[in-house]
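Observations on the model geometry
What follows is the residue order along each chain.
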Amino acid sequence: MIRSPSPRLPRPVVRRLSAASGAGFALVVALAGCATADAGSGAGSGEPTRDSSTTSTSAGATPSPTAPATTVVDDPELDAALAALESEHGARVGLSVVDTGTGRALEHRGDERFLYASSLKALAAAALLDATEPADLDEVVTWTADDVAAAGYSPATSAATGTGLTLGQLAEAAVRQSDNTALNLVVEHLGGPAALDAALAAQGDDVTDVVHGEPELNRPTAGSTADTTTPAAVRGLLARVVAGEWLGDDDRAQLLEWMSGNATGDALVRAGAPEGWAVADKSGGAGPVRNDVAVVTRPGGDPVVIAVLTTRTDPAAAYDDALVAAAARAAFEAVQRG
């Protein structure tokens, strides 16, 4: 794969603080949760954060001792529903969903490329958990006001510029609040975009092309695969998490807890899920691009992993939450049809 040179993100300064710094982060999260913008969507593309009355149930996924092989099957009814949504919303919809209990997978444009936008933050957090020991996440990282200004939407890190946050708190802020500066610092800790790309490739994903940090990753590069992925690639990575093939039990539980608290996903996959199904997700949005990737746990059933990546065909159009929710709803109906 031909790649563009990866610009280096600011090198974080790591130092130790007392455990009391965790209390400060709790206040940062409480204050930043009032913000109304999507993590990484760029200026002007607001995304409502979660109201305290709608916090989701944690979607803890228990891995199968041996995950069944994934088999992609045709579902003409799902294809027709998604084609109708594309026509109605003036968009291209990419979807990949798998029932982890059976290995049965359904796809629509599953191997087509889309900008991943802020949905990358869940994968970066997974890579960080895989690359560190628990004590490493207690290291405190500092940054500058210029770093925040350059990254864009950064509700948690902008409030903690003077004190810093632990590496674990940065990963949490990137996933829960879609904090751009937090993503950049997590990726830099891994060794930069190329290192994150290599970490995903080590999990069998040679499709996702991590090249830039925030906010550049939200801008398509003509004729390039930079900062794109496919629904099938993201679904495959999250399925490896659920199966225990990527992260250990504690790290998997931590990632899904962070994703269960995603403040920007209520109108997306969560809105399309059947009542009582617990959703752990990570959204992304930039201009005409709207994505959501999730692990969805049925009551008493095996988790369903889903990736919905969409882009409006008019590059000047705003992204469309209702499109993602409707696509997810159609996918869950297809999963239930079996």
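In what follows, the structure referred to is the one given above.
Residues numbered from 1 in each chain as written. Predicted model: local features only at pLDDT ≥ 70, side-chain atom pairs only at ≥ 80, totals over all residues. Heavy atoms only, no water.

1. Concerning unusual backbone geometry
The linkage connecting Glu214 with the following residue, Pro215, adopts the cis geometry, with an omega of 5 degrees. Inspection of the secondary structure puts Pro215 in the loop between α8 (193-202) and β8 (228-229). In the Ramachandran plot, Ser178 falls in the positive-phi region, its phi being about 55 degrees despite a non-glycine side chain. Position of Ser178 relative to the elements: it lies in the loop between α6 (167-176) and α7 (180-190). Within the chain, Asp227 stands out as a residue other than glycine whose phi angle is a positive 65 degrees. Locating Asp227 in the fold gives a position in the loop between α8 and β8. (Helix = DSSP H or I, 4+ residues; strand = E, 2+ residues; numbered from the N terminus.)

2. Details of the packing of helix α3 (residues 120-131) against α8
Across the interface, α3 lies against α8 with an axial gap of 10 Å and an inter-helix angle of 80 degrees. Classed by the angle they form, the pair α3 and α8 counts as roughly perpendicular. Here α3 contributes Leu120, Leu123, Ala124 and Ala127 to the contact with α8, which in turn contributes Leu196, Ala199 and Leu200. Of the residues belonging to the contact of α3 with α8, the class tally is 7 nonpolar, no polar and no charged. (Axes fitted to C-alpha atoms, helices over the stretch in contact; angles between N-to-C directions. Parallel < 35°, antiparallel > 145°, perpendicular 65-115°, else oblique. Contact = heavy atoms within 4.5 Å. Nonpolar A, V, L, I, M, F, W, Y, C, P; charged D, E, K, R; others polar.)

3. A few points about the sheet that holds strand β10 (residues 289-297)
In space, the 6 strands of this open sheet follow the order β2-β4-β3-β11-β10-β9, with mixed pairing throughout. Edge positions in the sheet fall to β2 (71-72) and β9 (278-286), since each of these pairs with one other strand and no more. Sheet topology places strand β3 (residues 91-99) next to strand β4 (residues 104-108); 4 bridges connect them, and they run antiparallel. Each residue of the ladder has a partner; that of Val98, found in β4, is Ala105. (Pairing = 2+ DSSP bridges.)

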